[in-house]
Amino acid sequence: MNAKTADKVATAVIIFFAGVILLIMAGLLGFILVRGIGHISFDFLTSPPETIKEGGGIGPQLFNSLFLLVLTMIITIPLGLGAGIYMSEYAKPGKITDFIRLIVEVLSSFPSIVVGLFGLLVFVNVFGFGFSLFSGALALTVFNLPLMVRITEQGMASVPQAQKEASLALGLSKWKTIKSIMLPIAMPIILTGTILAAGRVFGEAAALLFTAGMSSPRLDFSDWNPLSPMSPLNPFRPAETLAVHIWKINSEGLAPDAPEIAAGASAVLIITVLLFNLLARWIGRMLHKKFTATK
Amino acid sequence: MARSRENRKIKQHIMEEWTGKVFTSLCIVLLVVTIFSLVYFVATKGFSSFIKDGISIGEIFGGTQWKPEGEPPFYGALPFIIGSFSTSIMAAIIAAPLSICAALFMVEIMPKIGRKYLQPAIELLAGIPSVVYGFVGLSVIVPFYRDIFPGQGLGIAAGATVLSIMILPTMTSIATDALAALPPGLKEGSYALGATRWQTLARIVIPTTLPSLMTGVVLGMARAFGEALAVQMVIGNAPHIPRSLFESASTLTSAITLSMGNTVMGSPQNNVLWTLALILMLMTFVFVFIVRCLERRANR
Amino acid sequence: MQNIELSTKDLSVFYGEKQAVKEISLDFASRQVTALIGPSGCGKSTFLRSLNRMNDLIDGAQITGEIWIGNENINDPKTDVVLLRQKIGMVWQRPNPFHKSIYENIAFGPRYHGIRDKKKLDEIVEEALTKAALWNETKDRLHRSALSLSGGQQQRLCIARSIAVNPSIILMDEPASALDPVSSAKIEELIAELKREYCIIIVTHNMHQAARVSEKTAFFLMGELVEFDDTSKIFTNPSDKRTDDYISGRFG
């Protein structure tokens, strides 16, 4: 085979494989959406699940997922910003900083199930938070924090040195410079990354099995007192999220329409993640435009 | 009077500086403490089955029988270890060529189409939750294997297939970065000598970026090794070494997922699951170490 | 005898092992422009950046020697750099306005330094922009983004920003070299205006510019101060052969 033919064959193979990936992608999305969308209805999204009968919904699970996401982000964002700012602005190059970087990298590669087990041991048992939204949120924070730190570092690194110097030269303190000059410029990158991270948190299940638990109490959606045990807002109640629910009905679902519910719930999950993706892109582009605007 | 104003000003901005430093340091300290306690707790719990329950290391790593509830109990975790390694290695073998081709396509062959269609598609794949992969695997891949191969369709092959799609984005994005970072002069030199595109790719581009491409493969494998639910849903969960790829098997993660809820904290049955978690954690260290070595090679 | 605003004594800057600035002793007078000239890499910018402790930001940079403002050695590690930098304004080669409105660019510093009164801030903004010869061009669009201004306008805005915090010294690092000739000329006019109030130290590559705007000139070569004298003397009758070579364009 001469060089020209080899070149053509190789190019064809590469294009073929690229096409295969696109097909997998399209097939996957198509499958979930076609199977699932038909099952999505207002009733499905709001009513509680049934254990052995048909017609169960995913209302509490959807609520739990959203509430858990909010709780997690409330804890993760300040911690991640703080740690990321420390790494990019305060850490002095040297052995200790290198070591911190290494262990943060290690944490980011820990399997989420191991993080979940740690949560079970420490948050659920040692701290005594029990199987609860709060334990789940803490486990997800551990799982998400390295990513958040990296996003913050990337954002801070994108700030031109000239902006930082200009502020310091005016006699502003370093912290004020970071808060008022650097963070706003880093914001598009940080925000985009955070939204994508939120998508990851939303779909995470393994870290939650043994922290937030695999069941929800009967929720009383008219009781908004965060301290009462039936209230949806109580952070110390167990909570099965949408992703955990999908796993559970696939492995031990007894309802006759379990496959349909799984498909519908998967579709909801995918659509939400898609929305997160689009939102991240849109906000990123908008903020970019705003900051580089000539008007 | 001017002096006292000056003094107050000093206090204010020093306080502010101090607040910032303390806040960010606390965050990083919390992060470091969390990581250390994670390692500490998993390690002590994991070792307790050797120390407290007297299970031999040889039994866990060499035994092929897993019957923690039996009389006498057997704690052979070899089937899980083999399951974990075979699914993740197979997944990497399937995904590596696909991802490298995708990266070549996006960087070298049709960058415009690549960036417009392939890149978003891959980013989306990265965002799909693992339970959804498991669900799709269970409803598409498992029946497909059941139809053409003997057996239930559940097993290592199904697990590896699902995992290969899951790790595709990680591998592709690293390969793409590596290819894009190549200095243009390198390729131009080869083209100037009259080499075809494929000759240039095969002889110059791929060999030069090999350490980075390998980094992607290892990171993908690491992710596959630690993935729990998607694998657990399609692998069948039989605790023995399968005779074929299409026979029910187990991995470390699937064993933990299934049994952790059914054992009592502190019992030997429970502790041995922590030992499995310890193996997962040690493998994470190994993967990070390999990645570091490869990165050092790539930067040289 | 003129009032000395700032003086350095044996000031050296090291980047790791490399000594970028070698034991420089210089006096800068109030209400005067001093130009620092020399070929690229001669250490003049590094020297300038040590004067407001900007080199603190660079890892591995070490500064020895003394920098006196009044009776305070500001190169002392105990010096409060935040307070110090309020007294010394700085302007860079590339205009670097904050990604904020024109008004906010000016008001940002004074507000931080404790001026909250809106009226007072308005006055400061107007005064600073007027001094920087930018008021007439911007008074109708103070709340538009500073990035909407042209390069020359942005640079004048940066000058206005630095004088708004009321410094006594202004450091300028090639302030006109990234600008077109017309904008560049405007900056020079502005410098001539500003020297009535401030001690200005300007690094420049452009020798004509140095000759036009400065009273004193210091010639740097490979980290050393070769010659420091009246500008007219340096450009007509330098005492050092190397200065003569540089001025007449034989190298650099």
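None of these values were measured; they are calculated from a predicted model. (Residues numbered from 1 in each chain as written. Chains lettered and ligands numbered in written order. Predicted model: local features only at pLDDT ≥ 70, side-chain atom pairs only at ≥ 80, totals over all residues.)

**Quick word on the UniProt feature "domain: ABC transmembrane type-1" (unreviewed entry) in chain B**
What counts here: UniProt positions are given in the numbering used here, feature names are shortened, and annotations may be inferred rather than shown by experiment. Where helices and strands are cited, they refer to DSSP runs of H or I of at least four residues and of E of at least two residues respectively, numbered from the N terminus.
The UniProt record marks residues 81-291 of chain B with the feature "domain: ABC transmembrane type-1" (unreviewed entry), using the residue numbering of this structure. The straight-line gap between the two end C-alpha atoms of residues 81-291 of chain B is 21 Å; of that span, 80% is helix and 0% is strand.

**Description of the domain arrangement of chain B**
Residues and elements named next belong to chain B. The cut-off we apply is this: For each domain, the first and last residues come from an automatic or database assignment. We call two residues in contact when their backbone-placed C-beta atoms lie within 7 Å. Charged residues are taken to be Asp, Glu, Lys and Arg, nonpolar residues to be Ala, Val, Leu, Ile, Met, Phe, Trp, Tyr, Cys and Pro, and polar residues to be all remaining types, Gly included.
What the domain assignment reports for chain B is domain 1 (2-52) and domain 2 (74-299). Taken over C-alpha atoms, the centre of domain 1 sits 36 Å from the centre of domain 2. Taken together, the contact between domain 1 and domain 2 spans 8 residues of the former and 8 residues of the latter. Split into classes, the residues belonging to the side of domain 1 that touches domain 2 amount to 3 nonpolar, 3 polar and 2 charged.

**Quick notes on the sheet that holds strand S8 (residues 199-203) of chain C**
Residues and elements named next belong to chain C. Our working rule: Strand pairing is assigned whenever DSSP detects at least two bridges linking the two strands. Helix axes are fitted to C-alpha atoms over the stretch in contact, other axes to C-alpha atoms as well, and angles between N-to-C directions run from 0 to 180 degrees.
If you trace the 6 strands from one edge of the open sheet to the other, you get S6-S7-S8-S3-S9-S10, paired in mixed fashion. Each having just a single partner strand, strand S6 (88-91) and strand S10 (224-230) make up the two edges of the open sheet. The mean angle between the axes of side-by-side strands here comes to 15 degrees, regardless of whether they run parallel or antiparallel. By the bridge criterion, 5 bridges tie strand S7 (residues 169-173) to S8 in an arrangement that is parallel. Across the sheet, the residue bridging to Met 172 is Ile 202, located in S8. In the packing of helix H1 (residues 44-51) onto the sheet, the strands contacted are strand S3 (33-37), S6, S7, S8 and strand S9 (216-221), and the crossing angle to S8 comes to about 150 degrees.

**Some remarks on unusual backbone geometry**
Residues and elements named next belong to chain C. To be explicit about the condition: Buried residues are those with 20 or more other C-beta atoms within 10 Å of their own C-beta, exposed residues have 12 or fewer, and partly exposed residues lie in between; C-beta atoms are placed from the backbone.
Phi is positive for Arg 31, close to 50 degrees, though the residue is something other than glycine. Examined against the element boundaries, Arg 31 turns out to sit in the loop between strand S2 (18-29) and S3. On the basis of neighbour count, Arg 31 is assigned to the partly exposed category, with 16 C-beta atoms found within 10 Å.

**Focus: the pairing of S7 of chain C**
All names here are of chain C. Across the 5 residues that make up S7, a large majority, 4, are buried. Pairing analysis gives 4 bridges linking S6 to S7, with the strands arranged parallel. Counted as the bridge partner of Met 90 is Leu 171 from S7.

**Details of the UniProt feature "transmembrane region" (unreviewed entry) in chain B**
Residues given the UniProt feature "transmembrane region" (unreviewed entry) here are residues 21-43, 80-109, 121-144, 156-180, 201-222 and 272-294 of chain B. The straight-line gap between the two end C-alpha atoms of residues 121-144 of chain B is 24 Å; of that span, 92% is helix and 0% is strand.

**Notes on helix H6 (residues 151-163) of chain C**
Residue and element names in this part refer to chain C. The condition that has to hold: The span expected for a helix works out to 1.5 Å for each residue beyond the first.
A rise of 1.5 Å per residue sets the reference length of H6, with its 13 residues, at 18 Å; its end C-alpha atoms lie 19 Å apart and thus fit the reference within 8%. Within H6, 12 of the 13 residues are buried, which leaves it mostly tucked inside the rest of the structure. Turning to H6, its buried residues number three or more, namely Gly 152, Gln 153, Gln 154, Gln 155, Arg 156, Leu 157, Cys 158, Ile 159, Ala 160, Arg 161, Ser 162 and Ile 163. The inward-facing, buried residues of H6 abut S6, helix H3 (102-112), helix H4 (118-131), helix H5 (135-138), S7 and helix H7 (181-194).

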